[in-house]
Amino acid sequence: MTNDPADLTAADYLDGAREMAAAGRPYLAYLLAEEAAQRTADPIMALSIRSQFTDPTAQKD
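This is a predicted model, so every value here is computed, not measured.

Draft legend 1. Fine view of the nonpolar core. Grouped together as the largest cluster of nonpolar side chains are eleven residues: Tyr 13, Leu 14, Ala 17, Ala 29, Leu 32, Ala 33, Ala 36, Ala 37, Ala 46, Ile 49 and Phe 53. Residue contributions to this core peak at five residues, all from helix H2 (residues 26-38). Residues in contact with Ala 33, not counting those within four places in the same chain, are Ala 17, Ile 49 and Phe 53.

Structure follows, in structure tokens:
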């Protein structure tokens, strides 16, 4: 474990997002997944991450 958030990778954030989703914390999972997507160089992978963890506060039409 690191004490410096700058040392965390996209995979670290994605792991955290999955853990928060499993713990019933969808908004925190969304925030962690968004950070993972931003740290991902591949735009297709970033899109995939974002599609798995959608914003639970977004209004649906």
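Structure shown, so let's carry the discussion forward.
Draft legend 2. Broad picture of helix H1 (residues 10-22). Helix length check: H1, at 13 residues, gives a terminal C-alpha distance of 18 Å against a target of 18 Å (1.5 Å per residue), a fit within 8%. Within H1 the residues assigned to the buried category are Ala 10, Tyr 13, Leu 14, Gly 16 and Ala 17. The buried residues of H1 all sit within an arc of 160 degrees when viewed along its axis, so they share a single face. For H1, exposure combined with an orientation more than 90 degrees from the buried face picks out Glu 19 and Ala 22. Buried positions along H1 lie against H2 and helix H3 (43-52).

What counts and how
- Residues numbered from 1 in each chain as written.
- Predicted model: local features only at pLDDT ≥ 70, side-chain atom pairs only at ≥ 80, totals over all residues.
- Heavy atoms only, no water.
- Core = buried A, V, L, I, M, F, W, Y, C linked by side-chain atoms within 4.5 Å.
- Buried < 20%, exposed > 50% of the residue type's maximum accessible area, 1.4 Å probe, protein only.
- Helix = DSSP H or I, 4+ residues; strand = E, 2+ residues; numbered from the N terminus.
- Contact = heavy atoms within 4.5 Å.
- Expected span 1.5 Å × (residues − 1).
- Arc of directions from axis to C-beta.

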